[in-house]
Amino acid sequence: MTNISSAAESSLVLTLAEACTLSAVGGKALNLGRLQRLKVPGAPGCVITSRAFEAHLHDAGLLEETRRQVKALQTLSREEVRALARRWQAAIVQTPLAEDLVCLLREHTAQWLPQALAVRSSAVGEDSGGASFAGQLDTVLNVSDLGDVLQAVKKVWGSAYS
């Protein structure tokens, strides 16, 4: 039997029922996963893990830069921060998703498309005891084909830097 926690840490995409590690899926997906495992009726879905997001930042050439620059944000002017955020958003949206992630999203969403889907955030640290960013990241509604899913994922990821 597969250990769900270890699967969550090594996977790029999970079913909601597999979403059981906060550092891999964020609080919203973690709680939706708990409800699924308890058999509480709710909308089906899948979760793109923080591992996939970090891989995309790496592919966009931003992983090390974002880690380094986030520490220095307090020393930058407001306009410098805005310019940096715009550049990061553009790089995230313009960088193609990795082919293995595209294949996994195709597999996970095939059962629901072409009905309209919502692509939402469940960022690690988005909501915690010390901070709440609820509603600040984009949600993309009425996504009804794989190409739109892929674009919506990048738009939501990019919105973390708005």
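Below, the structure is looked at part by part. (Residues numbered from 1 in each chain as written. Predicted model: local features only at pLDDT ≥ 70, side-chain atom pairs only at ≥ 80, totals over all residues. Heavy atoms only, no water.)

1. What to know about the packing of helix H4 (residues 63–72) against helix H5 (residues 78–94)
- With their axes 12 Å apart at the nearest point, H4 and H5 run at an angle of 160° to one another. Considering the angle they form, H4 stands roughly antiparallel to H5. Our pair here, H4 against H5, has a crossing hand that is left-handed. Contacts between H4 and H5 pair Glu65, Thr66, Gln69 and Val70 from the former with Leu84, Arg87 and Trp88 from the latter.
- For the contact of H4 with H5, a count of residues per class yields 3 nonpolar, 2 polar and 2 charged. (Axes fitted to C-alpha atoms, helices over the stretch in contact; angles between N-to-C directions. Helix = DSSP H or I, 4+ residues; strand = E, 2+ residues; numbered from the N terminus. Parallel < 35°, antiparallel > 145°, perpendicular 65-115°, else oblique. Left-handed = near helix turned anticlockwise from the far one by under 90°. Contact = heavy atoms within 4.5 Å. Nonpolar A, V, L, I, M, F, W, Y, C, P; charged D, E, K, R; others polar.)

2. Some thoughts on the packing of aromatic side chains
- All told, the structure shown has 2 aromatic pairs when counted by the stated rule.
- When the ring of Phe53 is compared with that of Trp157, the centres are 5.3 Å apart and the planes differ by 65°; the resulting orientation is edge-to-face. One end of the pair, Phe53, is in helix H3 (residues 50–59); the other, Trp157, is in helix H7 (residues 146–158), and 104 residues separate them in sequence. Each member of the pair Phe53 and Trp157 is classed as buried.
- Taking the centre distance of 5.2 Å and the plane angle of 85° together, the rings of Trp88 and Tyr161 count as edge-to-face. Here Tyr161 lies in the segment after H7 and Trp88 lies in helix H5, a separation of 73 residues in the sequence. Of the two residues, Trp88 and Tyr161, both sit in the buried class. (Phe/Tyr/Trp six-rings, centres within 6.5 Å; stacked < 30°, edge-to-face > 60°. Buried < 20%, exposed > 50% of the residue type's maximum accessible area, 1.4 Å probe, protein only.)

3. What to know about helix H6 (residues 99–109)
- Of the residues making up H6, those classed as buried are Leu101, Val102, Leu105, His108 and Thr109. Looking down the long axis of H6, one finds its buried residues gathered within 130° of arc, a one-sided arrangement. For H6, exposure combined with an orientation more than 90 degrees from the buried face picks out Glu99 and Glu107.
- Looking at the buried side of H6, the elements it contacts are strand E1 (13–15), strand E2 (46–48), H3, strand E3 (117–119) and H7. (Arc of directions from axis to C-beta.)

4. A word on the nonpolar core
- Grouped together as the largest cluster of nonpolar side chains are 31 residues, with contacts concentrated most on Leu101, Leu105 and Trp157.
- Of all elements in the fold, only H3, H5, H6, E3, strand E4 (140–143) and H7 reach the threshold of two or more residues within this core.
- Here this core gets 7 residues from one element, more than from any other, and that element is H7.
- Apart from the residues lying within four places of it in its own chain, the contact partners of Trp157 are Ile48, Ala52, Phe53, His56, Ile92, Leu97 and Leu101.
- Formed by 8 residues, the second largest nonpolar core is a distinct cluster that contains Leu14, Ala29, Leu30 and Val47. (Core = buried A, V, L, I, M, F, W, Y, C linked by side-chain atoms within 4.5 Å.)

5. A word on the environment of Leu101
- Tracing the chain through its elements places Leu101 in helix H6.
- A relative accessible area of 3% places Leu101 in the buried class.
- Once the C-alpha coordinates of Leu101 and His56 are considered, the two residues, 45 residues apart in sequence, prove to be 9.6 Å apart.
- With sequence-adjacent residues up to four places away left out, Leu101 is seen in contact with Leu12, Val13, Ile48, Ala52 and Trp157.

6. Some thoughts on H5
- With 17 residues, H5 should reach 24 Å at 1.5 Å per residue; the first-to-last C-alpha distance of 24 Å fits that figure.
- All buried positions along H5 are accounted for by Leu84, Ala85, Trp88, Ala91 and Ile92. Along the axis of H5, the buried residues cluster in a sector spanning 130°; they form a single face. In H5, the exposed residues that point more than 90 degrees away from the buried face are Arg78 and Gln94. (Expected span 1.5 Å × (residues − 1).)

7. Regarding unusual backbone geometry
- For the bond running from Leu113 to Pro114, omega is 15°, close enough to zero to count as cis.
- Along the chain, Pro114 falls in the loop between H6 and E3.
- At Asn142, a residue that is not glycine, the phi angle is positive and equals roughly 60°.
- Mapped onto the elements of the fold, Asn142 is located in strand E4.
- With relative accessibility at 61%, the residue Asn142 sits in the exposed group.

These values are about where atoms sit, not about what they do.
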